[in-house]
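Notes for the structure review
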Amino acid sequence: MKTFPLLPLVLLGLIPAAVPAKSGTGAPPNDPPVSRPVLARPAPLIQIALLLDTSNSMDGLIDQARSQLWRVVTELSRGRRDGQPPRLEVALYEYGNSGLSAESGFIRRVQGFSPDLDALSDALFKLSTNGGEEYCAWAVKTAMGELAWDRGDETLKLIFVAGNEPFTQGPVSVAEILPQAPGRGIFVSSIFCGDETKGRNTGWADGAQRGAGKYLSINQNGRAADPESPYDKELARMNTELNGTYLPYGRDGAHGAENQIAQDNNSGASLASRAATKATSLYTNTGWDLVDRARQDGDWQQLPAAQLPEKLRGLTAEARVKEVARLAGERERIRGQIAEVGATRDTWLAERRATNTGADGKSLQDALVEAVHELAARRRLTFAR
């Protein structure tokens with residue numbers, strides 16, 4: 001049976017999420033610089049900004065984003081540079097929704113760069129579609145200007161714009177804005193929801209070329225979640241067992257634990273995929289879970305008693321350390337089991353896909369993974385299976 005070593009401390013830096021803007025208001029102020037530790041050999045960082053069209057016709061796209069998030073993240077966790085797995089920060093924008101303000105280009109930053117995958121899932125499930133004007137270049141300009149992009153030359157910085165109206169809509173020039181991205185080390189890829197040729201004819205391929213990214217087309221109305229497998233119930237059981245190893249602490253502890261369960265419930269038929277993601281190094285909750293916090297640094301022992309989990313408050317300092325270590329070991333044991341069953345499930349799904357005629361076409365998940373694999377090579381990241 002595979003076991004997971006204790007996760008390297010560099011993977012668990014807590015990066016505060018940006019405060020979401022309210023729907024219908026103008027663009028929020030720029031993010032302040034994200035504080036990241038200066039390390040002799042930092043783990044590779046992947047930053048992804050998802051720009052999703054939330055106009056009337058995009059319900060299928062949003063459904064795929066919600067259900068396929070976990071398989072995409074699990075695939076990203078397989079990346080390596082010099083043997084090191086990556087860190088991940090994801091930002092989310094919606095555009096093209098008439099419920100947003102015209103002054104902001106019908107664009108809203110939902111979440112700034114953050115490693116908090118449960119917060120991202122929660123944000124995706126709160127999106128709703130409504131007719132509007134879809135200004136792709138304006139959305140790219142906004143994401144480039146507002147987000148706290150890392151300045152490291154080896155950071156993989158990606159923008160994905162997904163939608164189905166002409167890429168050239170709106171007052172912001174594609175020819176002026178898109179070429180600025182690669183100059184800042186950002187690769188802009190376009191995902192057209194519809195026929196591949198139509199996407200080319202409406203500027204989506206040109207936008208990706210100018211942004212030094214990749215053009216892809218998908219069927220946003222195809223299957224969102226993976227088919228049920230013989231391994232899903234076992235993964236769901238282990239996911240519940242895994243949740244029992246979390247120790248909510250501090251101001252955000254209760255909310256974090258509640259949101260973890262809420263996103264388990266939201267995942268529905270994708271719970272098995274979510275469980276597999278929770279077994280990777282990219283699922284980390286240092287802001288509310290004491291076990292993850294303890295792996296980051298030893299300062300947790302200096303926390304006031306009122307901020308500690310109730311079950312630790314009556315223990316001696318030595319007993320607290322032992323209990324946190326016990327839960328950390330238990331978590332790694334369960335994660336190892338999930339990884340094994342998840343790998344078997346992946347094989348089952350791959351065999352099923354091989355016998356499928358592909359009637360559903362390419363999905364958002366397929367497009368994101370394909371693009372990341374290709375673009376990651378530019379930053380010396382590889383994805384061996």
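Residues numbered from 1 in each chain as written. Predicted model: local features only at pLDDT ≥ 70, side-chain atom pairs only at ≥ 80, totals over all residues. Heavy atoms only, no water.

1. Topic: the packing of aromatic side chains
Our working definition: Aromatic pairs are defined between Phe, Tyr and Trp rings, using the six-membered ring for Trp, whenever the two ring centres lie within 6.5 Å; interplanar angles under 30 degrees are classed as stacked, those over 60 as edge-to-face, and all others as tilted. Buried residues are those whose accessible area, probed at 1.4 Å on protein chains only, stays under 20% of the maximum for their type, while exposed residues exceed 50% and partly exposed ones sit between those limits. Throughout this description, the term charge over a ring refers to an Arg CZ or Lys NZ atom that lies within 6 Å of the ring centre and within 35 degrees of the ring normal.
Per the stated rule, a full pass over the model turns up seven aromatic pairs. Measuring from centroid to centroid gives 5.9 Å for Y135 and W138, while their planes differ by 5 degrees, and the two rings are stacked. Note on Y135: relative accessible area 15%, which makes it buried. The residue whose ring lies beneath R274 is W70, and the NZ or CZ to ring-centre distance is 4.7 Å. We note R378 situated over the ring of F187; from NZ or CZ to the ring centre the distance is 4.7 Å.

2. A few points about the nonpolar core
Condition: Side-chain atoms within 4.5 Å link the members of a nonpolar core, which is a set of buried Ala, Val, Leu, Ile, Met, Phe, Trp, Tyr and Cys residues. The contact criterion used is simple: two residues touch if any of their non-hydrogen atoms lie within 4.5 Å.
In this structure, L76, L88, L92, F160 and I191 are the most contacted members of the largest nonpolar core, which totals 54 residues. Not counting residues up to four positions away in its chain, the partners in contact with L92 are L50, L52, R108, R109, V110, Q111, L120, A123, L124 and L127. One finds L147, I177, W204 and A208 within the second-largest nonpolar core, a separate group that totals 30 residues.

3. Quick look at empty space enclosed by the protein
For clarity, the cut-off: Every definition here rests on a 1 Å grid over the protein atoms only: cavities are sets of points where a 1.4 Å probe fits but cannot get out, pockets are open sets enclosed by protein on both sides within 12 Å along at least five of seven lines, and lining residues have some atom within 4 Å of a point. Grid points are joined across faces, edges and corners, and a volume is the space filled by probe spheres set on the points. Strands here mean DSSP runs of E at least two residues long; helices mean DSSP runs of H or I at least four residues long; both are numbered from the N terminus.
In the structure shown here, the tally under the stated rule is four cavities of 30 Å³ or more. The calculated volume of the largest cavity comes to roughly 150 Å³. Along the wall of the largest cavity there are 15 residues; nearest its centre are L50, L69, V72, V90 and L368. Every element with two or more residues in the lining of the largest cavity is listed here: β1 (45–53), α1 (59–76), β2 (87–95), α2 (117–126) and α14 (364–376). Among the elements that take part in the lining of the largest cavity, α1 stands out by supplying seven residues, more than any other.

4. Thoughts on the pattern of salt bridges
For clarity, the threshold we go by: Note on definitions: salt bridges are taken to be side-chain nitrogens of Lys or Arg within 4 Å of carboxyl oxygens of Asp or Glu.
Evaluated as defined, the whole model comprises 33 salt bridges. Salt bridges sharing partners connect three or more residues here, namely R71, E75, R78, D226, D232, R345 and D346.

5. A word on the sheet that holds β2
Which entries qualify depends on this criterion: DSSP bridges decide pairing: two strands pair if at least two such bridges lie between them. Only the contacting stretch of a helix is used when fitting its axis, a line to C-alpha atoms as for every element, and angles between N-to-C directions run 0 to 180 degrees.
Taken in spatial order, the six strands line up as β3-β2-β1-β4-β5-β6 in an open sheet, and their pairing is mixed. Pairing within the sheet leaves two strands with one partner each, and these edge strands are β3 (107–114) and β6 (212–218). This sheet shows a mean twist of 15 degrees between the axes of neighbouring strands, independent of strand direction. As judged from the nine bridges shared by β1 and β2, these two strands associate in the parallel manner. Among the inter-strand pairings, L45 is bridged to a residue of β2, identified as R87. Its contacts with the sheet place α1 against β1, β2, β4 (156–163), β5 (186–193) and β6, and it is angled at close to 170 degrees to β1.

6. With respect to helix α8 (residues 232–243)
Two residues of an α-helix separated by three or four positions point the same way, owing to the 3.6 residues in each turn. Note the threshold: By definition here, a helix of n residues has an expected span of 1.5 Å times n minus one. Here, the arc refers to the directions that run from the helix axis to the C-beta atoms.
Spanning twelve residues, α8 covers 17 Å between terminal C-alpha atoms, matching the ideal 16 Å at 1.5 Å per step. Among the residues of α8, D232, L235, M238, N239, L242 and N243 are the ones counted as buried. In an axial view of α8, the angular spread of the buried residues amounts to 145 degrees, which keeps them on one side of the axis. Facing away from the buried surface of α8 by more than 90 degrees, the exposed residues are K233 and T240. The inward-facing, buried residues of α8 abut α9 (253–267), α10 (271–278) and α13 (317–354).

7. Some thoughts on the packing of α10 against α13
Spelled out, the test is: The labels follow the angle: roughly parallel below 35 degrees, roughly antiparallel above 145, roughly perpendicular from 65 to 115, and oblique for the rest. Put simply, a crossing is left-handed when the front helix is turned counterclockwise from the back one by less than a right angle, and right-handed when it is turned clockwise. All amino acids are sorted into three groups, where Ala, Val, Leu, Ile, Met, Phe, Trp, Tyr, Cys and Pro are nonpolar, Asp, Glu, Lys and Arg are charged, and the leftover types, Gly among them, are polar.
Between α10 and α13, the least distance of the axes is 9 Å, while the angle of their chain directions is 135 degrees. As far as their axial angle goes, α13 and α10 are oblique. As α10 runs across α13, the sense of the crossing is left-handed. Facing α10, whose interface residues are A272, S273, A275, A276 and K278, α13 presents R335, I338 and R345. Residue composition of the contact of α10 with α13, by class: four nonpolar, one polar and three charged.

8. Considering the packing of α1 against α10
Interhelical geometry of α1 versus α10 gives an angle of 30 degrees and a closest axis separation of 8 Å. As summarised for this structure, α1 and α10 are arranged roughly parallel, according to the angle between their axes. Considering how the two elements wind past one another, α1 and α10 form a crossing that is left-handed. Touching W70, R71, V73 and T74 of α1 are S273, R274, A276 and T277, all from α10. When the residues that make up the contact of α1 with α10 are grouped by side-chain class, the tally is three nonpolar, three polar and two charged.

9. Thoughts on the confidence of the model for the chain
So the rule is basically this: For every residue, the predictor assigns a confidence score, pLDDT, that lies between 0 and 100.
For the chain, per-residue confidence averages 90 on the pLDDT scale, and residues scoring 70 or more make up 88% of the total. Under a pLDDT of 50 for its full length, residues 1–27 has, in the predicted model, 70 contacts with residues more than four places off or in other chains. When the criterion is pLDDT under 50, residues 35–39 qualifies, and its contacts beyond four places in sequence or with other chains add up to eight contacts.

10. Structural notes on the pairing of β3
The buried fraction of β3 is high, at eight of eight residues. Pairing of β2 with β3 involves five bridges; the strand directions are antiparallel. Looking at the pairing, V90 lines up with S114 of β3.

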